[in-house]
Amino acid sequence: MNVEKIENTLQLPSPIVPFTPDWEGVERVSLSVKRDDLIHPVISGNKWRKLKYTLGQAPSSVRGIVSFGGGYSNHLHALGFVCHSLGIAFNAIIRGDYTQHPSPMIMDLMRWNVHITYVDRKTYALRHDDNYWRRLQLEYPGYLIVPEGGSQVSALRGVAELVTELDDDVDTIIAPVASGATLAGIVAQLQPKQKALGIGVLKGEGYLESLVSTLLPTPSTNWSVNHDYHCGGYAKIPLYLADFCASFNAVMPFRIEGVYSGKVFWALREMLAQGCFEDGERIVILHTGGLQGAR
Ligand SMILES: *Cc1c(COP(=O)(O)O)cnc(C)c1O
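Residues numbered from 1 in each chain as written. Predicted model: local features only at pLDDT ≥ 70, side-chain atom pairs only at ≥ 80, totals over all residues. Heavy atoms only, no water.

(A) Local environment of the packing of helix α2 (residues 45–56) against helix α3 (residues 74–86). Running from N to C, α2 and α3 cross one another at 50°; their axes reach a closest spacing of 10 Å. Taken together, the axes of α2 and α3 are oblique relative to one another. Two packed elements cross with a definite hand, and for α2 against α3 that hand is right-handed. Within the contact between the two elements, α2 uses Lys47, Trp48, Leu51 and Leu55 and α3 uses Asn74, His75, Ala78, Leu79 and Val82. (Axes fitted to C-alpha atoms, helices over the stretch in contact; angles between N-to-C directions. Helix = DSSP H or I, 4+ residues; strand = E, 2+ residues; numbered from the N terminus. Parallel < 35°, antiparallel > 145°, perpendicular 65-115°, else oblique. Left-handed = near helix turned anticlockwise from the far one by under 90°. Contact = heavy atoms within 4.5 Å.)

Structure, rendered in structure tokens:
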């Protein structure tokens, strides 16, 4: 599949900017933010990284794409835009029925002529099931089925490229973890002395680690997932987190939202105050984008 038309519109390598909040403990480390949120105005940053080779390596005979997500999914949004731009048919399987009240994300999909199928929770729960995939493949012959979040082994190579865009003297890369492919892609490209710290954005102690390990090409020990900052679960945004994001957005040079980046920066602030980092540690925070989901 020829994705050059998209690639020509992307800001890559994405910018890396110093980050100097007036937070407790900040003077002891060096912080910068990898602005993957700037890769494209519509395509959410890490979703492009994950799709790049999955789509780029797909045969041009592919007749269309099927994928899955929730009603605010950054993945469906990114894929919907890409398919629309490239003239590829796209069927989005969405959890829940938004017929009466389409989300801003779904309204974009409709504008981009995406074929939408709403499914109930029970059907959505089958999204990783082999038999269900076989049925879908019969229903959509010649279509490429992309898993939820675009997260599969072919996603890692694109994510790994963000690490190659950084200076070698970076010690630690911090990123949100949901399906784990973003963290796995980072880990796959780390230098031996570097480490990756994932912030779990959902309740998934043990589970998130297994997702990352399963995707990794070779076992690795220079990564971990912190589970203290999911703030109640996936897409749960308690008042303290909403307040934190609002104050952050009022003064900082870039925006965050409560589902992914807000939890990462919240975790960072707490961990700095607790002295969780080494003196002089050079830390890069990956801004994965996702601001469309907060509309
Ligand atoms: C999907 C998404 C993530 C989670 O990435 P995984 O690879 O699923 O762990 C993080 N941030 C944003 C903005 C996302 O859209």
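The structure having been displayed, the exposition proceeds.
(B) Broad picture of helix α11 (residues 261–273). Under the 1.5 Å per step criterion, the end-to-end length of α11 is 18 Å for 13 residues, consistent within 8% with the ideal 18 Å. Inspection of α11 places Ser261, Gly262, Lys263, Val264, Phe265, Trp266, Ala267, Leu268, Met271 and Leu272 among the buried residues, and these make up the whole buried set. Positive phi shows up at Gly275, right after α11, with a value of about 70°. (Expected span 1.5 Å × (residues − 1). Buried < 20%, exposed > 50% of the residue type's maximum accessible area, 1.4 Å probe, protein only.)

(C) Structural detail: the sheet that holds strand β10 (residues 282–287). Within the open sheet, the six strands sit side by side as β1-β2-β10-β7-β8-β9. Their pairing is mixed. Unpaired on one side and paired on the other, β1 (16–18) and β9 (223–226) mark the two borders of the sheet. Each strand axis lies, on average, 25° off the axis of its neighbour in the sheet, ignoring direction. On the sheet, α11 packs against β2 (30–35), β7 (172–177), β8 (195–200), β9 and β10 and is oriented at approximately 115° with respect to β8. (Pairing = 2+ DSSP bridges.)

(D) Focus on the site of the ligand. Taken together, 15 residues lie around the ligand, and Lys47, Asn74, Ser179, Thr182 and Thr288 are the ones closest in. Note that an oxygen atom of the ligand is positioned 3.1 Å from one of the side-chain N or O atoms of Asn46. The side chain of Thr182 places a nitrogen or oxygen atom 2.7 Å from an oxygen atom of the ligand. Judged by its atoms lying within 2 Å of the grid points, the ligand is housed in the largest pocket. Sorting the residues of the shell around the ligand by element identifies α2, β7 and α8 (181–187) as the ones contributing at least two each. Considering each element in turn, the shell around the ligand owes the most residues, three residues, to α2. (Near = heavy atom within 4 Å. Polar contact = N/O pair within 3.5 Å; in protein donor to acceptor, adjacent residues only side chain to side chain. 1 Å grid on protein atoms, 1.4 Å probe; cavity = no way out; pocket = protein on both sides within 12 Å on 5 of 7 lines; lining within 4 Å. Sits in = over half its atoms within 2 Å of the grid points.)

(E) Summary view of the domain arrangement of the protein. In terms of domain boundaries, the protein breaks down into domain 1 (4–43 + 154–294) and domain 2 (46–150). On a C-alpha basis, the centroid separation for the pair domain 1 and domain 2 is 25 Å. Carbon and sulfur atoms supply 56% of the area buried between domain 1 and domain 2, which totals about 2200 Å² over both sides. The largest contributions to the domain 1 side of the interface with domain 2 come from Ile6, Ile43 and Gln292, which together make up 26% of the buried area. (Domains from an automatic or database assignment. Buried area = accessible area lost by both parts, 1.4 Å probe.)

(F) Quick look at the pairing of strand β5 (residues 115–119). In this sheet, β5 lies alongside strand β4 (residues 89–95) in parallel orientation, the contact comprising five bridges. Bridge assignment links Arg95 to a residue of β5, and that residue is Val119. For the crossover that starts at β4, traverses helix α4 (residues 104–111) and ends in the parallel β5, the hand is right-handed. (Right-handed = clockwise from strand over helix to strand, strands pointing away.)

(G) Structural view of the layout of surface pockets. If you add up the space inside the largest pocket, you get close to 1300 Å³. If you go around the largest pocket, you meet 46 residues; those closest to its centre are Glu148, Ala178, Ser179, Tyr234 and Tyr260. Breaking the lining of the largest pocket down by element, the ones donating at least two residues are α2, α3, α6 (130–139), β7, α8 and α9 (207–215). Counting residues per element, the lining of the largest pocket draws most heavily on α9, at five residues. Split into classes, the residues belonging to the lining of the largest pocket amount to 17 nonpolar, 21 polar and eight charged. Here the lining of the largest pocket spans two domains, and each of domain 1 (4–43 + 154–294) and domain 2 (46–150) adds at least three residues to it. Taken as a whole, the second largest pocket encloses approximately 240 Å³ of empty space. In this structure, the second largest pocket is lined by 19 residues; those nearest its centre are His40, Pro41, Val42, Leu291 and Gln292. Within the lining of the second largest pocket, the residues separate by chemical class into seven nonpolar, seven polar and five charged. (Points joined across faces, edges and corners; volume = space filled by probe spheres on them. Nonpolar A, V, L, I, M, F, W, Y, C, P; charged D, E, K, R; others polar.)

(H) A look at the environment of Ile174. Structurally, Ile174 can be placed in strand β7. On the basis of relative accessibility, which here comes to 2%, the residue Ile174 falls in the buried class. For Ile174 and Val33, which are 141 residues apart along the polypeptide, the C-alpha to C-alpha distance reads 9.4 Å.

(I) Structural view of the packing of aromatic side chains. For the structure on display, the rule yields 19 aromatic pairs. Between the aromatic rings of Phe19 and Phe265, the centroid separation amounts to 5.3 Å while the plane-to-plane angle is 70°, which identifies the pairing as edge-to-face. With Phe19 in the loop between β1 and β2 and Phe265 in helix α11, this pair connects stretches of sequence that are 246 residues apart. Residue classification places Phe19 among the buried positions, given a relative accessible area of 4%. Residue classification places Phe265 among the buried positions, given a relative accessible area of 0%. Both rings, one in Trp23 and one in Phe248, keep their centres 6.3 Å apart while their planes meet at 50°; by these two values the pair is tilted. In this pair, Trp23 sits in the loop between β1 and β2 while Phe248 sits in helix α10 (residues 239–251), placing the two residues 225 residues apart along the sequence. Just as Trp23 is buried, Phe248 falls in that class too. Of the aromatic side chains, those joined through ring pairs into one cluster are Phe19, Trp23, Tyr240, Phe244, Phe248, Phe254, Phe265 and Trp266. In this structure, Lys47 packs its charged tip against the face of Tyr260, placed 5.7 Å from the ring centre. Its end group placed over the ring of Tyr124, Arg95 keeps NZ or CZ at 5.0 Å from the ring centre. (Phe/Tyr/Trp six-rings, centres within 6.5 Å; stacked < 30°, edge-to-face > 60°. Lys NZ or Arg CZ within 6 Å of the ring centre and 35° of its normal.)

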